[in-house]
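Examination of the molecular architecture
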Amino acid sequence: QVQLVESGGGLVQAGGSLRLSCAASGRTFSRYAMAWFRQAPGKEREFVAGISAIGGSTYYADSVKGRFTISRDNAKNTLYLQMNSLKFEDTAVYYCAAKLPPLGAPYSIPTARADFGSWGHGTQVTVSS
C-alpha cells in the first residue's frame, strides 16, 4: 500500500485560501485514484474531492464545488487541494486517501470512505469567522 502524509493545514480567516498537500511514498502513485475527505468535530468523515488515476477526471462534493480544486503531480508523487473562499463550516481535519481502481475502470473516482484502503493521518484546517 502507499503511505500518505498531509501538510499545509492551518488557521485562516473566512474568505481566505489554503493549499493542502499529500505526499505519497512508493513508485506506484500514478496508479491510484486519490481523494480528500474531512471530518469536523462530532461529525462523520465526509468526501470532499476525488481525482482519477488516469485522465485526471475530478469530482467534488456540492459543498465545495467552485471553491476547491483537487490536482495531482505524478512526477512528485503529490496530491493537492487548493481551497479558496473558505468558510467557517470548512473547519475540519482533512485526510487524503488512495485506492487502486478496479481492473477495467482506471477513470473511476471512488467517493465512499469504505472504498479506500490507504489513509494519511490528517491535517487540521481552522477557519475563523
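The structure this text deals with has already been given above.
Conventions used here
Along each chain, residue indices are assigned from 1 in the same order as the chain's sequence is written. In keeping with the predicted nature of the model, local features appear solely for residues at pLDDT of at least 70, side-chain atom pairs appear and are counted solely at 80 or more, and the whole-chain, interface and lining totals rest on all residues. The side-chain numbers reported here are obtained from all heavy atoms of the structure, hydrogens and water having been left aside. Think of it this way: any DSSP run of H or I at least four residues long counts as a helix, any run of E at least two long counts as a strand, and we number them from the N terminus. Radius of gyration: over C-alpha atoms. The globule rule applied is 2.2 Å multiplied by the number of residues raised to the 0.38 power. Buried, partly exposed and exposed residues are distinguished by accessible area as a fraction of the type maximum, computed with a 1.4 Å probe on protein chains only: under 20%, between the cut-offs, and over 50%, respectively. Throughout, nonpolar core names a set of buried Ala, Val, Leu, Ile, Met, Phe, Trp, Tyr and Cys residues whose side chains join them through atoms within 4.5 Å. The contact definition used throughout considers only heavy atoms, calling two residues in contact when any of these lie within 4.5 Å. Strand pairing is assigned whenever DSSP identifies at least 2 bridges connecting the two strands.

Okay, the overall build of the chain next. Of regular secondary structure, the chain possesses zero helices and eleven strands. The order of helices and strands in the chain, counted from the N terminus, is β-β-β-β-β-β-β-β-β-β-β. The C-alpha radius of gyration computed for the chain amounts to 14 Å, which stays within 12% of the reference 14 Å derived for 129 residues, consistent with globular compactness. Taking the principal axes of its C-alpha atoms as reference, the chain extends roughly 45 × 25 × 25 Å. Burial statistics for the chain: of 129 residues in total, 43% are counted as buried.

The biggest cluster of nonpolar side chains holds 34 residues, and the ones touching the most others in it are Trp36, Leu79, Leu81, Met83 and Tyr94. Going through the elements one at a time, β3 (18-24), β4 (33-39), β5 (46-51), β7 (68-73), β8 (78-83), β9 (92-99) and β11 (123-128) are the ones with two or more residues in this core. For this core, the element with the most residues is β9, which contributes five residues. If sequence neighbours within four positions are ignored, Leu79 has contacts with Leu20, Ser21, Cys22, Phe29, Met34, Ala35, Trp36, Ile51, Ile70, Ser71, Arg72 and Cys96.

The next point concerns the pairing of β8. Among the six residues of β8, five are classified as buried, and the element is accordingly described as predominantly covered. With six bridges connecting them, β3 and β8 associate as antiparallel partners. What sits directly across from Leu20, in β8, is Leu81. With six bridges connecting them, β7 and β8 associate as antiparallel partners. Directly across from Arg72, in β8, lies its bridge partner Leu79. Connecting β7 to the next strand, β8, in antiparallel fashion are four residues, including Asn77 with a positive phi near 55°.

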